[in-house]
Amino acid sequence: MSENFFKWDQERLTTHVDAMDNEHKKLIEIMNRLHDRYEAKAGKAELGPLVKELGSWTVTHFQHEERFFDTLDYPQASVHKKIHKDLLERFTGHAAEFEKTGHLTPEFFQFLKTWLTAHIMGIDHKYGEVAHKKSA
Ligand SMILES: [Fe+2]
Ligand SMILES: [Fe+2]
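All of these numbers come straight from a predicted model, not from anything done at the bench.

Trainee: Explain the coordination of the iron ion (ligand 1) to me, please; I cannot follow it from the model alone.
Mentor: Ideal values for angles at a metal depend on the geometry: 109.5 degrees with four tetrahedral donors, 90 or 180 degrees with six octahedral donors. Bound to the iron ion (ligand 1) are the protein donor atoms Glu65 (OE), His80 (NE2), His84 (NE2), His119 (NE2) and Asp124 (OD), situated 2.1 to 2.3 Å from the metal. Going along the chain, you hit the donors of the iron ion (ligand 1) in the pattern E-x14-H-x3-H-x34-H-x4-D. The distance between the iron ion (ligand 1) and the iron ion (ligand 2) is 3.5 Å, with glutamate 65 acting as a donor to both metals. Of the two residues, histidine 80 sits in helix H4 (residues 77-101) while histidine 119 sits in helix H5 (residues 106-135), which places them 39 residues apart along the sequence. Note on histidine 80: relative accessible area 1%, which makes it buried.

Here it is as structure tokens:
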């Protein structure tokens, strides 16, 4: 698995919920693949399906996560859903820009990186704590 864009770091990124960790790993795997092809100067025809794959996997992941934390007594559920919605909107904005220009931008990858670090470590981590307390 290519790790040149983003490396999974168990200690920093784990939510302590295995199913969600696995989904985050899958997201990172797609992002790394996309970044590899971007660096290799692949054209729109090759990048396009990867952008779509990332988009649809993101939708799926957010649904799984929301379904999961709805089963918990998780006070930040609605805030978290709103954050997902905003992230998805920003992603869609970048994807639409790509459709128009045929180019991905450094800003797009910066956005992905910030999402991974800030969202997984700062936001997703919280339902992990709640899930943990519940199972303890
Ligand atoms: Fe999340
Ligand atoms: Fe997540």
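Continuing now.
Trainee: Help me understand the side chain of glutamate 23, please; the structure alone is not making it clear to me.
Mentor: Relative to the helices and strands, glutamate 23 resides in helix H2 (residues 18-39). No salt bridge is formed by the buried glutamate 23; the nearest opposite charge belongs to arginine 67, separated by 8.5 Å. Once residues within four sequence positions are removed from consideration, glutamate 23 is found in contact with Trp57, His61 and His64.

Trainee: Would you take a moment to explain the packing of H2 against helix H3 (residues 44-70) for this structure?
Mentor: For any two helices packed against each other, one specifies the inter-axial angle together with the distance between the axes. At a minimum axis distance of 10 Å, the contact between H2 and H3 shows a crossing angle of 165 degrees. Accordingly, the angle class assigned to the pair H2 and H3 is roughly antiparallel. Where H2 crosses over H3, the handedness of that crossing is left-handed. Residues Met20, Glu23, His24, Lys26, Leu27, Ile30, Met31, Arg33, Leu34, Arg37 and Tyr38 of H2 pack against Glu46, Leu47, Leu50, Val51, Glu53, Leu54, Trp57, Thr58, His61, His64, Glu65 and Phe68 of H3. Residue classes in the contact of H2 with H3 are distributed as 12 nonpolar, four polar and seven charged.

Thresholds, definitions, all that
Residues numbered from 1 in each chain as written. Chains lettered and ligands numbered in written order. Predicted model: local features only at pLDDT ≥ 70, side-chain atom pairs only at ≥ 80, totals over all residues. Heavy atoms only, no water. Donors = N, O, S within 2.8 Å, 3.2 Å for Na, K, Ca; no water. Helix = DSSP H or I, 4+ residues; strand = E, 2+ residues; numbered from the N terminus. Buried < 20%, exposed > 50% of the residue type's maximum accessible area, 1.4 Å probe, protein only. Lys, Arg positive; Asp, Glu negative; His and termini not counted. Salt bridge = Lys/Arg side-chain N within 4 Å of Asp/Glu carboxyl O. Contact = heavy atoms within 4.5 Å. Axes fitted to C-alpha atoms, helices over the stretch in contact; angles between N-to-C directions. Parallel < 35°, antiparallel > 145°, perpendicular 65-115°, else oblique. Left-handed = near helix turned anticlockwise from the far one by under 90°. Nonpolar A, V, L, I, M, F, W, Y, C, P; charged D, E, K, R; others polar.

Distances and angles like these do not, on their own, reveal function.
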